[in-house]
Amino acid sequence: MPGPTVWIPRRLSDATLERAQASYDCIINWEDGLSGADDLIEMSAKADAVIPCHSEHYSADVAARLDPRLKIIANHSVGVDHCDLPALKARGITVTNTPDVLSDATAEIAMLLMLGAARRAVEGDRMVRSGQWNTWSPSFMVGKQVSGARLGIIGMGRVGRAFAEKARGFGMSIHYFNRSRLSPEQELGATYHDTIESVLAVSDFLSLHCPATPETTGLMNAERFSQMPDGAVMVNTARGALVDETALMAALDSGKLAGAGLDCFVTEPLGNPAFAAYQNVFTLPHIGSATVTTRDAMGFRALDNLDAFFLGKTPGDVL
Ligand code: DGY
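Quick caveat: nothing in here was measured; it's all calculated off a predicted structure.

How each quantity is defined
Residues numbered from 1 in each chain as written. Predicted model: local features only at pLDDT ≥ 70, side-chain atom pairs only at ≥ 80, totals over all residues. Heavy atoms only, no water. Phe/Tyr/Trp six-rings, centres within 6.5 Å; stacked < 30°, edge-to-face > 60°. Helix = DSSP H or I, 4+ residues; strand = E, 2+ residues; numbered from the N terminus. Salt bridge = Lys/Arg side-chain N within 4 Å of Asp/Glu carboxyl O. Buried < 20%, exposed > 50% of the residue type's maximum accessible area, 1.4 Å probe, protein only. Near = heavy atom within 4 Å. Polar contact = N/O pair within 3.5 Å; in protein donor to acceptor, adjacent residues only side chain to side chain. Areas by Shrake-Rupley, 256 points an atom, 1.4 Å probe, with all protein chains shown as cover. Domains from an automatic or database assignment. Contact = heavy atoms within 4.5 Å. Buried area = accessible area lost by both parts, 1.4 Å probe. 1 Å grid on protein atoms, 1.4 Å probe; cavity = no way out; pocket = protein on both sides within 12 Å on 5 of 7 lines; lining within 4 Å. Points joined across faces, edges and corners; volume = space filled by probe spheres on them. Nonpolar A, V, L, I, M, F, W, Y, C, P; charged D, E, K, R; others polar. Axes fitted to C-alpha atoms, helices over the stretch in contact; angles between N-to-C directions. Parallel < 35°, antiparallel > 145°, perpendicular 65-115°, else oblique. Left-handed = near helix turned anticlockwise from the far one by under 90°. Core = buried A, V, L, I, M, F, W, Y, C linked by side-chain atoms within 4.5 Å.

### Concerning the packing of aromatic side chains
The relation between two aromatic rings is expressed through the spacing of the ring centres and the mutual angle of the planes.
Phase 1 of the analysis: Evaluation of the coordinates by the stated rule reveals 5 aromatic pairs.
Phase 2 of the analysis: Ring centres of Y176 and Y192 lie 5.3 Å apart, and the angle between their planes is 50°; on these two criteria the pair is classed as tilted. Of this pair, Y176 sits in strand β7 (residues 173-177) while Y192 is found in strand β8 (residues 191-193), placing the two residues 16 residues apart along the sequence.
Phase 3 of the analysis: Through a chain of ring-to-ring contacts, the aromatic side chains of Y24, F309 and F310 assemble into a single cluster.

Following this line, the structure appears as structure tokens:
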């Protein structure tokens, strides 16, 4: 009997593709182009499993039209806001993700964005690169110091905790809001706040690490920005949907926020071209987990989930 066929719609790491091909009949999108709803539906009739990224949208409409051949969506991502989980569950499709393995890489990017926004990296880089650096004085390019400042974290899951660990190395005091309070072993001295408003009030720096859900969409809006200390810096490495981008620009325009670091945008790919006018916004193209080590680990975690499924076991990361 032929083994399962796996559709791989994006160019995953070489090590992942090698292992996938050793275990399964694979249909690989070597060109790496994006797949729309019709492609997802067409391919569901040709494969028993798919390893999508957050760029493939399994909406309720797509879920309703998938071929019954597709049994498992083994995501190559920790975030699953691109999957309508209830609709997929209703179709009897197993969905998994890849937690843990990308926490450090994403926390590194959050740190890069925080430091870059605080110390005016975009402005300074542009100045040197364009040959326009023609002065120096003690009042030149003065930024905001990270060391010793208060860091607010919204969403103290694996990535939030990995970021807190790195921020402790900078002597930051950690404050967090989470759906539930962590154990003392996980809290490691961080201060728990039982409301978002309370954590915002002490966030000289704020980093978002919660998933995008209907409840968290537009979490950072005009009112919430107004609750932060003057001159605060916000970092988002989670999902663009968490931030009202118009409200963020208004907070930057008014000086309420001194800067922002964004790896995620409401519209991806592309981002929001209006941020180009802001030298105090450090932007990156959703590359939080983009390291060789992490890409391999994500691919392997997705394959571990597939292997378990096809051995008749419950995958470790079933949602
Ligand atoms: C994730 O895993 O959710 C990252 O955003 C990359 O897709």
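So that's the structure; there's more coming.
### A few points about the pattern of salt bridges
Note that side chains of opposite charge can pair when their charged atoms are close.
Phase 1 of the analysis: Counted according to the given criterion, the structure contains 20 salt bridges.
Phase 2 of the analysis: The shortest N-O distance in the salt bridge between R65 and D61 comes to 3.1 Å. In this pair, R65 and D61 are both assigned in helix α3 (residues 60-65), 4 residues apart and thus about one turn of the helix distant.
Phase 3 of the analysis: Taking the relative accessible area as the measure of exposure, D61 reaches 47% and is therefore partly exposed.
Phase 4 of the analysis: The residue R224 makes a salt bridge to E197 at a minimum N-O spacing of 3.1 Å. With R224 in helix α10 (residues 222-226) and E197 in helix α9 (residues 196-200), this residue pair connects regions lying 27 residues apart in the sequence.
Phase 5 of the analysis: Residues joined by salt bridges that share partners form a network here, namely D100, R158, R301 and D317.

### A few points about the site of the ligand
Phase 1 of the analysis: Taken together, H54, S77, V78, G79, L102, R239, H286, S289 and M298 make up all the residues around the ligand.
Phase 2 of the analysis: H286 places a polar side-chain atom, nitrogen or oxygen, 2.7 Å from an oxygen atom of the ligand.
Phase 3 of the analysis: Contact with the protein chains covers 90% of the free accessible surface of the ligand, which is 230 Å².

### Remarks on unusual backbone geometry
Phase 1 of the analysis: Along the chain, E268 connects to P269 via a cis peptide bond; the corresponding omega equals -10°.
Phase 2 of the analysis: Summarising the element assignment, P269 is placed in the loop between β11 (257-262) and β12 (281-283).
Phase 3 of the analysis: A positive phi is found at L188, a non-glycine position, where the angle reads about 50°.
Phase 4 of the analysis: As for its placement among the helices and strands, L188 is situated in the loop between α8 (184-187) and β8.
Phase 5 of the analysis: A residue is classified by how much of its surface remains accessible, and L188, at 54% relative accessible area, is exposed.

### Comments concerning the domain arrangement of the protein
Phase 1 of the analysis: When cut into domains, the protein gives domain 1 (5-101 + 292-310) and domain 2 (103-283).
Phase 2 of the analysis: On a C-alpha basis, the centres of domain 1 and domain 2 stand 31 Å from each other.
Phase 3 of the analysis: Taken residue by residue, the interface counts 8 residues in domain 1 and 7 residues in domain 2.
Phase 4 of the analysis: In total, about 600 Å² of surface goes out of reach between domain 1 and domain 2, with carbon and sulfur atoms giving 44% of it.

### Concerning the layout of surface pockets
Phase 1 of the analysis: Considering only enclosed or pocket space, the second largest pocket measures out at about 190 Å³ in volume.
Phase 2 of the analysis: Around the second largest pocket, the lining is made up of 13 residues, and of these R126, F275, A276, V281 and T283 lie nearest the centre.
Phase 3 of the analysis: Elements with a contribution of two residues or more to the lining of the second largest pocket: α6 (121-129) and β12.
Phase 4 of the analysis: For the lining of the second largest pocket, the leading source of residues is β12, giving 3 residues.
Phase 5 of the analysis: Looking at the lining of the second largest pocket residue by residue, the classes come out as 9 nonpolar, 3 polar and 1 charged.

### Remarks on the packing of helix α5 (residues 103-118) against helix α7 (residues 158-168)
Phase 1 of the analysis: Relative orientation of the contacting elements α5 and α7 amounts to 55°, with a least axis distance of 8 Å. Considering the angle they form, α5 stands oblique to α7. Handedness of the crossing formed by α5 with α7: right-handed. Residue-level inspection shows S103, D104, T106, A107, E108, A110, M111 and M114 of α5 in contact with α7, the latter providing R158, V159, A162, F163, K166 and A167.
Phase 2 of the analysis: A per-class count over the contact of α5 with α7 returns 8 nonpolar, 2 polar and 4 charged.

### Description of the nonpolar core
Phase 1 of the analysis: Of all hydrophobic cores here, the largest spans 29 residues; its most connected members are I154, M220, F225, M234 and L248.
Phase 2 of the analysis: If you list the elements that add at least two residues to this core, you get α9, β9 (205-208), β10 (232-236), α11 (245-254) and β11.
Phase 3 of the analysis: Considering every element that reaches this core, the biggest residue donor is α11, with 5 residues.
Phase 4 of the analysis: When sequence neighbours within four positions are dropped, the list of residues in contact with M234 reads L206, L208, M220, F225, V243, L248, L257, G259, A260, G261 and L262.
Phase 5 of the analysis: A118, I153, M156 and A167 belong to the second largest nonpolar core, which has 28 residues in total.

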